[in-house]
Amino acid sequence: MLRFFKLIVILVISSQLLHGQKEVNSPYARFGVGLLEQQGTFKSLGMGGTGIALRDPQNFFYQNPASFSSIDTNSFVFDFAMDYRIIGLDNGEESYSSDDMNLHHIIIGFPLSRKIGFATGITPFSTGYYNMNSITSIDDPDYDPIVGEIEETHNGAGGFSKYFVGLGIDLFKGFSAGASMNFIFGEIFRENHLYFLEDNNYFNNTYREKINLRGLNFDIGAQYHFNIGESYFGSLGFKYTNQGDLGAETEELLARGSVYTGSTYSIDTISYSPLSSATVTFPSALGLGVAFGIENKLTLAADYTFSDWSKSSFLGYEEYYTSSKSINVGLSYIPDKFANYNILNRVEYRLGGRMSDSHLVVNGEQLKEFGITFGAGIPLRRSKSNINVFFEYGSRKGSLELGLHNETCYSMGLSFNFYDYWFLKRKYD
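Just so it is clear, the structure is predicted and the values come from calculations on it, not from any experiment. (Residues numbered from 1 in each chain as written. Predicted model: local features only at pLDDT ≥ 70, side-chain atom pairs only at ≥ 80, totals over all residues. Heavy atoms only, no water.)

## Some details on the pattern of salt bridges
Logical step 1: Throughout the structure, instances matching the rule amount to 16 salt bridges.
Logical step 2: Arginine 208 is paired through a salt bridge with glutamate 191; the nearest N and O atoms lie 2.6 Å apart. Residue arginine 208 is found in strand β8 (residues 204-228), and its partner glutamate 191 is found in strand β7 (residues 175-196); the two are separated by 17 residues along the sequence.
Logical step 3: For arginine 208, a relative accessible area of 27% puts it in the partly exposed group.
Logical step 4: Judged by relative accessible area, which is 15%, glutamate 191 ranks as buried.
Logical step 5: Among the ionic pairs, glutamate 392 bridges to arginine 354, the shortest N-O distance being 2.8 Å. On the criterion of sequence distance, the pair formed by glutamate 392 in strand β17 (residues 386-397) and arginine 354 in strand β15 (residues 348-362) is long-range, its members being 38 residues apart. Neither residue differs from the other here; glutamate 392 and arginine 354 are each classed as buried.
Logical step 6: Within this structure, Arg354, Glu369, Glu392, Arg396 and Glu407 form a network of salt bridges that share partners. (Salt bridge = Lys/Arg side-chain N within 4 Å of Asp/Glu carboxyl O. Helix = DSSP H or I, 4+ residues; strand = E, 2+ residues; numbered from the N terminus. Buried < 20%, exposed > 50% of the residue type's maximum accessible area, 1.4 Å probe, protein only.)

As structure tokens, then:
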């Protein structure tokens, strides 16, 4: 019980660490909820983000809460992960890169009975970090000689996290169902500045926006797992996320300032909207998954997800949202899971890919995303615990002729998946 209490404390502390989100620069994060994070532990992400039809007694596939019933009786599973990300931006004329390392997720799970599994954890939901700067100089076609040079800066920080609590139940042979409650929380802060560099008779302008978000939505899921002959298996998965109304608090400030004061913020407040309550709507989502393989050897999986973000509402950002869909595929392979000496034979090797139409429309174009993933699960000696490593090469593309840019993302992660027996009665004291 003391160990369980300690893990709960770690979970609470980790929620504050995740609250800050990643500080990698993506201008596409400046709209509404920001950029949505890929969901899944590193075993799932190493297989292209698949997980709706997958089950594993030692690893979590929290995309489908029905999988929680696969946790072994009398066991306790703890998954803790860190990741490192590099994003490169290219608009055809200039390029820029940024990087950051942060806590990715922390999840714990254990069985409540032979047929019921419980899991809870904190995972990233979206990131709102960006940093943009531009100067309209004399060589720029938009340059106005009366106004002179203008500098614009646009900055964003923060993001949203998800805390979930879920149950999975084996209803009858091969069929399981589950549900999880998701608490979305966090804060995004955005700031825009306009500076007149050549004419001191103009006022410099500042606009600030702060969005706090708190609210619930729910996942329900089902899985059907069946054997094909003595060695093969198949699995089907279904997941649905309801449309959720979440509470938001917003604060806005529009101010102007003169360079003569030594401060660009303090001369005059043009408008100020104090902290006020509002409601935002997240759309429903549907996911279907299928998996096939050889027991303890090979797994092939594919997922399809759809979410109509055009039916969402988010504080005036609705014009940037559209329906999104994603296809994820992946495989894992273990040469010999029960090898006694060669650890390389017991490593689980993973490969995957994903293609998606983003939920964002910018300058009239829907963004496209693509990723290739690799991973491995390295077993620890004399234990069911393992270390998971994950790597992804991803891209987010927009047409340069429409004033958009392309992003290249490299993600690397390391997670520690600890498996222990906690509920066995001692035979000897």
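Read on, since the account is not over.
## Structural notes on the pairing of strand β10 (residues 244-257)
Logical step 1: Across eleven bridges, the pairing between β8 and β10 is antiparallel. Bridge pairing links threonine 206 to alanine 255 in β10.
Logical step 2: In this sheet, strand β11 (residues 268-282) lies alongside β10 in antiparallel orientation, the contact comprising twelve bridges. Counted as the bridge partner of glycine 244 is phenylalanine 282 from β11. (Pairing = 2+ DSSP bridges.)

## Structural notes on the side chain of asparagine 25
Logical step 1: With respect to the element layout, asparagine 25 can be found in the loop between α1 (2-18) and β1 (35-36).
Logical step 2: Taking relative accessible area as the criterion, asparagine 25 reaches 2% and is therefore assigned buried.
Logical step 3: Reaching out from asparagine 25, the side chain makes a polar contact with the backbone nitrogen of asparagine 131 at a distance of 2.8 Å.
Logical step 4: In this structure asparagine 25 touches Ile87, Leu89, Tyr96, Ser98, Tyr129, Tyr130 and Asn131, once residues within four positions along its chain are discounted. (Polar contact = N/O pair within 3.5 Å; in protein donor to acceptor, adjacent residues only side chain to side chain. Contact = heavy atoms within 4.5 Å.)

## Quick word on the packing of aromatic side chains
Logical step 1: Evaluation of the coordinates by the stated rule reveals 21 aromatic pairs.
Logical step 2: Here the aromatic rings of phenylalanine 110 and phenylalanine 118 are separated by 5.2 Å at their centres, their planes lie at 45°, and the arrangement is tilted.
Logical step 3: Given a relative accessible area of 17%, phenylalanine 118 falls into the buried group.
Logical step 4: An aromatic cluster of at least three residues, connected via ring pairs, comprises Phe31, Phe125, Phe282, Trp309, Phe314, Tyr317, Tyr320 and Tyr321. (Phe/Tyr/Trp six-rings, centres within 6.5 Å; stacked < 30°, edge-to-face > 60°.)

## A closer look at the nonpolar core
Logical step 1: With 24 residues, the main nonpolar core has Val33, Phe160, Leu213, Phe282 and Phe314 as its most contacted residues.
Logical step 2: For this core, the secondary-structure elements that each account for two or more residues are β7, β8, β10, β11 and β15.
Logical step 3: Dropping the residues within four chain positions of it, leucine 213 is found in contact with Phe160, Ile184, Phe185, Gly186, Leu246, Gly247, Ala248, Val280, Phe282 and Phe314.
Logical step 4: The next biggest cluster of nonpolar side chains, apart from the first, holds nine residues, and it includes Tyr62, Phe68, Ala119 and Tyr419. (Core = buried A, V, L, I, M, F, W, Y, C linked by side-chain atoms within 4.5 Å.)

## Brief notes about the environment of tyrosine 317
Logical step 1: Residue position: tyrosine 317 is located in the loop between β13 (298-308) and β14 (323-333).
Logical step 2: Taking C-alpha positions, tyrosine 317 is 5.4 Å from glycine 32, a pair spaced 285 residues apart along the chain.
Logical step 3: Apart from the residues within four sequence positions on either side, tyrosine 317 is in contact with Arg30, Phe31, Gly32, Arg190 and Glu209.

## A few points about empty space enclosed by the protein
Logical step 1: What the rule picks out here adds up to four cavities of 30 Å³ or more.
Logical step 2: Its boundaries defined by the atoms lining it, the largest cavity holds a volume of some 890 Å³.
Logical step 3: For the largest cavity, the lining is made up of 36 residues, of which Leu36, Glu37, Gln39, Ala285 and Thr305 are closest to its centre.
Logical step 4: Contributing elements (two or more residues each) for the lining of the largest cavity: β1, β7, β8, β9 (232-241), β12 (285-294), β13, β14 and β15.
Logical step 5: Among the residues forming the lining of the largest cavity, the class breakdown is twelve nonpolar, 16 polar and eight charged.
Logical step 6: When contributions to the lining of the second largest cavity are tallied by element, the ones reaching two or more residues are β1, β2 (75-90), β16 (365-379), β17 and β18 (406-421). (1 Å grid on protein atoms, 1.4 Å probe; cavity = no way out; pocket = protein on both sides within 12 Å on 5 of 7 lines; lining within 4 Å. Points joined across faces, edges and corners; volume = space filled by probe spheres on them. Nonpolar A, V, L, I, M, F, W, Y, C, P; charged D, E, K, R; others polar.)

## Side note on the pairing of β13
Logical step 1: Note that β12 and β13 share ten bridges and pair antiparallel. From the neighbouring strand, glycine 289 faces β13, where its bridge partner is aspartate 303.
Logical step 2: Between β12 and the antiparallel strand that follows it, β13, lie three residues; asparagine 296 among them carries a positive phi value of about 60°.
Logical step 3: Two strands pair when backbone bridges link them, and β13 and β14 are joined in this way by eleven bridges, in the antiparallel orientation. Paired with alanine 302 across the strands is valine 329, a residue of β14.

## So, unusual backbone geometry
One can expect most non-glycine residues to show negative phi and most peptide bonds to be in trans.
Logical step 1: If you check the backbone angles, asparagine 74 has positive phi at about 70° while not being a glycine.
Logical step 2: Note on placement: asparagine 74 falls in the loop between α2 (42-46) and β2.
Logical step 3: Although it is not a glycine, leucine 315 sits at a positive phi angle of roughly 55°.
Logical step 4: Its location among the elements puts leucine 315 in the loop between β13 and β14.

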